[in-house]
Amino acid sequence: MIMRVMGEGQFQVGETHLNRLNELDDELLTALESGDEEQFRRALVELLGAVREFGTPLPDDSLEPSDLILPDPEATIEDVREMLRTEGDGLIPGIPE
């Protein structure tokens, strides 16, 4: 799965890591719902850090379409809320059972 972190580039992330990314996405959603800025910032940094850790960066000149677009590390709660209005259920999709 190709994930784009806005302002940073694209990462190829294996499906074996989606469960952990979904857990981090859930933590981010909880922070958004509570409006807790500190919890939100921590959850966003952790989610993006996991994408960087689990993913392999694609070259800057790569023209691969992104499966997911994630906010940049400086995104605000409102920025991410707006993204979720268009994305639906979290930033990272669940794995079909």
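Provided above is the structure to which this section pertains.
Residues numbered from 1 in each chain as written. Predicted model: local features only at pLDDT ≥ 70, side-chain atom pairs only at ≥ 80, totals over all residues. Heavy atoms only, no water.

## What about the pairing of strand β1 (residues 2-5)?
Point 1. Sheet analysis places β1 next to strand β2 (residues 9-12), joined by 4 bridges and oriented antiparallel. Considered in β2, the bridge of Ile2 is made with Gln12.
Point 2. Hairpin connection between β1 and β2: a loop of 3 residues separates the two successive antiparallel strands, and Gly7 in this loop has a positive phi of roughly 85°.
Point 3. Pairing between β1 and strand β4 (residues 68-70): 3 bridges, direction parallel. The partner of Val5 across the bridge, within β4, is Leu70. (Pairing = 2+ DSSP bridges. Helix = DSSP H or I, 4+ residues; strand = E, 2+ residues; numbered from the N terminus.)

## Details of the packing of helix α1 (residues 18-34) against helix α2 (residues 37-54)
Point 1. In the contact formed by α1 and α2, the axes pass within 8 Å of each other and the chain directions differ by 160°. If you check the angle between α1 and α2, you find them roughly antiparallel. Of the two possible hands of crossing, α1 and α2 adopt the one that is left-handed. For the pair formed by α1 and α2, the contact residues are Arg20, Leu21, Leu24, Asp25, Glu27, Leu28, Thr30, Ala31, Leu32 and Ser34 on the first element and Gln39, Phe40, Ala43, Leu44, Glu46, Leu47, Ala50, Val51 and Phe54 on the second.
Point 2. Residue composition of the contact of α1 with α2, by class: 12 nonpolar, 3 polar and 4 charged. (Axes fitted to C-alpha atoms, helices over the stretch in contact; angles between N-to-C directions. Parallel < 35°, antiparallel > 145°, perpendicular 65-115°, else oblique. Left-handed = near helix turned anticlockwise from the far one by under 90°. Contact = heavy atoms within 4.5 Å. Nonpolar A, V, L, I, M, F, W, Y, C, P; charged D, E, K, R; others polar.)

## Some points on the sheet that holds β1
Point 1. Sheet architecture is open: 4 strands sit in the order β3-β2-β1-β4, paired in mixed fashion. A single partner strand is all that each edge strand has here, and the edge strands are β3 (56-57) and β4.
Point 2. With 2 bridges joining them, β2 and β3 adopt antiparallel strand pairing. The residue bridging Gln12 from the neighbouring strand is Thr56, located in β3.

## Quick word on the environment of Asp36
Point 1. In this structure, Asp36 sits in the loop between α1 and α2.
Point 2. Expressed as a C-alpha distance, the spacing of Asp36 and Ile77, which sit 41 residues apart in the sequence, is 8.9 Å.
Point 3. Look past the residues within four positions of Asp36 in its chain and what remains in contact with it is Ala31 and Ile77.

## With respect to the side chain of Gln10
Point 1. Along the chain, Gln10 turns up in strand β2.
Point 2. At a separation of 2.7 Å, a polar atom in the side chain of Gln10 contacts the main-chain carbonyl oxygen of Glu64.
Point 3. Here Ser66 takes part through its side chain, which lies 2.7 Å from a polar atom of the side chain of Gln10.
Point 4. The contacts of Gln10, once residues within four sequence positions are left out, are Ile2, Met3, Arg4, Thr56, Pro57, Leu58, Ser62, Glu64, Pro65 and Ser66. (Polar contact = N/O pair within 3.5 Å; in protein donor to acceptor, adjacent residues only side chain to side chain.)

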